[in-house]
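Summary of the model geometry
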Amino acid sequence: MSSEWPLWEIFIRSQHGLAHKHVGSLHAVDAQMAIRNARDVYTRRNEGISIWVARSADIHASSPGDKDALFEPSNDKVYRHPTFFPMPDEVKHI
Amino acid sequence: MYAQMVDTGVSKVQDVAQMTPEERAFQDRIDADVKVEPKDWMPEAYRRTLIRQIQQHAHSEIVGMLPEGNWITRAPSLQRKATLMAKVQDEGGHGLYLYCAAETLGVSRDAMIADLHAGRVKYSSIFNYPTLTWADIGTIGWLVDGAAIMNQIPLCRCSYGPYARAMIRVCKEESFHQRQGYDIMLALCRGTPEQKAMAQDALNRWWWPSLMMFGPPDAASVHSAQSARWKIKLLSNDELRQRFVDQTVPQADYLGLAVPDDRLAWNAERGHYDFGEIDWQEFHEVIKGNGPCNRERMQTRIKAWEDGAWVREAALAHAEKHAARERHAA
């Protein structure tokens, strides 16, 4: 059996002003083919106006084991949210 | 159903007392409806079962293109032809979403295809029946895609993130499939007596195989119980089958077609239709490879794969040559 085509991750921007969003992956020999295939696989019903492709091998992700170390510290910093500061009813536009 | 009789590799549902601390933590997260993602720890049996299930599902989508593809060149109008091509293309897309979901579990696409071609992994029994007339295309959309929706909607909530997300995409597209099928049936049933007879003949042939899609009865299915525990099977075979019958019989009534079951009757007490006995002997024969089209389907798939080998190799060689040239120029 011959070697498999590399895997690409596909990101689609659905409308102007929104960010590209991960929609899935597919196999292709190069970026050009990945974009062409992404058009056929992920935008058959006007789902997008822009496509990004990146080789899956080039994506680095945080590890589930590091979840606490990475995300726990923000749990006790509620003062980062505006709702932490009660405002008097009389004060407007704030 | 698209994945029938998925082997979980366990002989009975695992007891909490026998679980390792890791397995218990895993089950707790499933019970709390936390999605499992590719890099999370998971029990080997969960991983293997999911690979088997998603893979069967993917193969079903791809093999399912064959019976319908059979009618693309003979569709009765340009509109019907364009619609059928779009539908068959969707099925190919669904297969791809699913293969990608399975790949996140650490199995390669080529390995899955090799498993299919070697007969180590099945696809749905329904695709081993022939499409003899144009009415079969209507009936497949109406019944087979209808049954698929019934099964896939709950799977949008399954415990494995990539599978659930693939199912959401699939379900969005699937209701077009069911409606285009029913639309074909409507046209035939409003047509000449010959056309209506053709629609009735197709329903007669597809009704029972469609009910078999949901898999064997629930009683004593240890795999179903373990899969339910893992939330990769959310409703039982019999529950889904009953829902399908309840939903479909009034649709057949509207078409003026008779469901080929003389024991079919509304049961006011249960609030459901009662229906006749399914020929499980036939189901098991089809699963074993002895259905009307099993050999033909596999031969067609294998031929397509082998005939396409030079294209895959050439495309890869071309891309490598270009990449080398760019490196050289840089």
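Everything quoted here is computed from the prediction, not taken from an experiment.

Topic: the interface of chain B and chain A
Listed by partner, the interface residues are 23 residues for chain B and 23 residues for chain A. Buried area between chain B and chain A, both sides added, is near 1900 Å², and the carbon and sulfur share of it is 55%. On the chain B side of the interface with chain A, the three residues burying the most area are Lys39(B), Arg169(B) and Leu316(B), jointly 26% of the side's total. In this structure, the salt-bridge partner of Glu173(B) is Arg45(A), at a minimum N-O distance of 3.4 Å. Across the chain B-chain A interface, the total number found is 11 residue pairs in polar contact (both at pLDDT 80 or more). Counting residues per element, the side of chain B that touches chain A draws most heavily on helix α4 (residues 78–103) of chain B, which supplies eight residues. Residues that form the side of chain B that touches chain A fall into these classes: nine nonpolar, four polar and 10 charged.

Here's the deal with the packing of helix α2 (residues 44–63) of chain B against helix α5 (residues 109–117) of chain B
Residue and element names in this part refer to chain B. For the pair α2 and α5, the least separation of the axes is 11 Å and the interaxial angle reads 70 degrees. Classed by the angle they form, the pair α2 and α5 counts as roughly perpendicular. Residues Gln55, His59 and Val63 of α2 lie in contact with α5, whose contacting residues are Met112, Ile113, Asp115 and Leu116. Its residues assigned to classes, the contact of α2 with α5 shows four nonpolar, two polar and one charged.

Brief notes about the packing of helix α12 (residues 294–307) of chain B against helix α13 (residues 309–329) of chain B
For any two helices packed against each other, the geometry is given by the interaxial angle and the distance between the axes. Residues and elements named next belong to chain B. Remark: α12 packs on α13, axes separated minimally by 4 Å, with the N-to-C direction vectors making an angle of 30 degrees. Judged on the interaxial angle alone, α13 and α12 are roughly parallel. Two secondary-structure elements touch here, α12 through Trp305, Glu306 and Asp307 and α13 through Ala309, Trp310 and Arg312. Taken together, the residues of the contact of α12 with α13 sort by class into three nonpolar, no polar and three charged.

Let's talk about the packing of aromatic side chains
Residues and elements named next belong to chain B. The final tally for this structure, using the stated rule, is 13 aromatic pairs over all chains. Put simply, the rings of Phe26, Trp41, Tyr46 and Trp230 touch in pairs and so form one group of aromatic residues. Above the plane of the ring of Tyr97 lies Arg169, whose end atom (NZ or CZ) is 4.8 Å from the centre. It is Arg312 that lies over the ring of Trp305; its NZ or CZ is 3.6 Å from the centre.

Focus on the side chain of Gln242(B)
Residue and element names in this part refer to chain B. Turning to its location among the elements, Gln242 is positioned in helix α10 (residues 237–255). Of the polar contacts made by the side chain of Gln242, one reaches the side chain of Arg270; its length is 3.3 Å. For Gln242, the residues in contact, after removing those within four places along its chain, are Arg270, His272, Tyr273 and Phe275.

Considering the state of the cysteines
All names here are of chain B. Tallying each qualifying case throughout the model produces zero disulfides over all chains. As a non-bridged cysteine, Cys100 has Cys158 as the owner of its nearest cysteine sulfur, 16 Å distant. When its relative accessible area of 5% is taken as the criterion, Cys100 is described as buried. Free cysteine: Cys171, not disulfide-bonded; nearest cysteine sulfur from Cys156 at 3.7 Å. The class of Cys171 is buried, set by a relative accessible area of 17%.

Here we look at the sheet that holds strand β3 (residues 50–55) of chain A
All names here are of chain A. Taken in spatial order, the three strands make up an open sheet running β2-β1-β3, and their pairing is antiparallel. The two strands at the open ends of the sheet, each matched to only one other strand, are β2 (21–27) and β3. Across this sheet, the average inter-strand angle for adjacent strands is 30 degrees, counted without regard to direction. By the bridge criterion, six bridges tie strand β1 (residues 7–13) to β3 in an arrangement that is antiparallel.

Points about a nonpolar patch on the surface
Residue and element names in this part refer to chain A. Residues Val78, Tyr79, Phe84, Phe85, Met87, Val91 and Ile94 make up a contiguous nonpolar surface patch of about 710 Å² in total accessible area. Along the chain, Phe84 turns up in the segment after α2 (67–71). Looking at Phe84, the relative accessible area reads 41%, which means it is partly exposed.

So, unusual backbone geometry
All names here are of chain A. The backbone of Asn46 sits at a positive phi, close to 55 degrees, despite the residue not being glycine. Even without a glycine there, the phi angle at His93 is positive, about 55 degrees. As for its position among the elements, His93 is in the segment after α2. Using a relative accessible area of 85% as the deciding quantity, one classes His93 as exposed.

Some words on α12(B)
Residues and elements named next belong to chain B. Given a rise of 1.5 Å per residue, 14 residues ought to cover 20 Å, and the 20 Å separating the end C-alpha atoms of α12 matches this to within 8%. Inspection of α12 places Asn294, Arg297, Met298, Arg301 and Trp305 among the buried residues, and these make up the whole buried set. Seen end-on, α12 carries its buried residues on one side only, within an arc spanning 95 degrees. Away from its buried face, by an angle of more than 90 degrees, α12 presents the exposed residues Arg295, Gln299, Lys303 and Glu306. Buried residues in α12 make contact with α2, α3 (65–69), α5, α11 (280–290) and α13.

Quick notes on the rules
- Residues numbered from 1 in each chain as written.
- Chains lettered and ligands numbered in written order.
- Predicted model: local features only at pLDDT ≥ 70, side-chain atom pairs only at ≥ 80, totals over all residues.
- Heavy atoms only, no water.
- Contact = heavy atoms within 4.5 Å.
- Buried area = accessible area lost by both parts, 1.4 Å probe.
- Salt bridge = Lys/Arg side-chain N within 4 Å of Asp/Glu carboxyl O.
- Polar contact = N/O pair within 3.5 Å; in protein donor to acceptor, adjacent residues only side chain to side chain.
- Helix = DSSP H or I, 4+ residues; strand = E, 2+ residues; numbered from the N terminus.
- Nonpolar A, V, L, I, M, F, W, Y, C, P; charged D, E, K, R; others polar.
- Axes fitted to C-alpha atoms, helices over the stretch in contact; angles between N-to-C directions.
- Parallel < 35°, antiparallel > 145°, perpendicular 65-115°, else oblique.
- Phe/Tyr/Trp six-rings, centres within 6.5 Å; stacked < 30°, edge-to-face > 60°.
- Lys NZ or Arg CZ within 6 Å of the ring centre and 35° of its normal.
- Disulfide = S-S within 2.5 Å.
- Buried < 20%, exposed > 50% of the residue type's maximum accessible area, 1.4 Å probe, protein only.
- Pairing = 2+ DSSP bridges.
- Patch = residues over 30% accessible without salt bridge, like charges linked within 9 Å, V, L, I, M, F, W, Y side chains within 5 Å.
- Areas by Shrake-Rupley, 256 points an atom, 1.4 Å probe, with all protein chains shown as cover.
- Expected span 1.5 Å × (residues − 1).
- Arc of directions from axis to C-beta.

None of this, on its own, says anything about what the molecule does.
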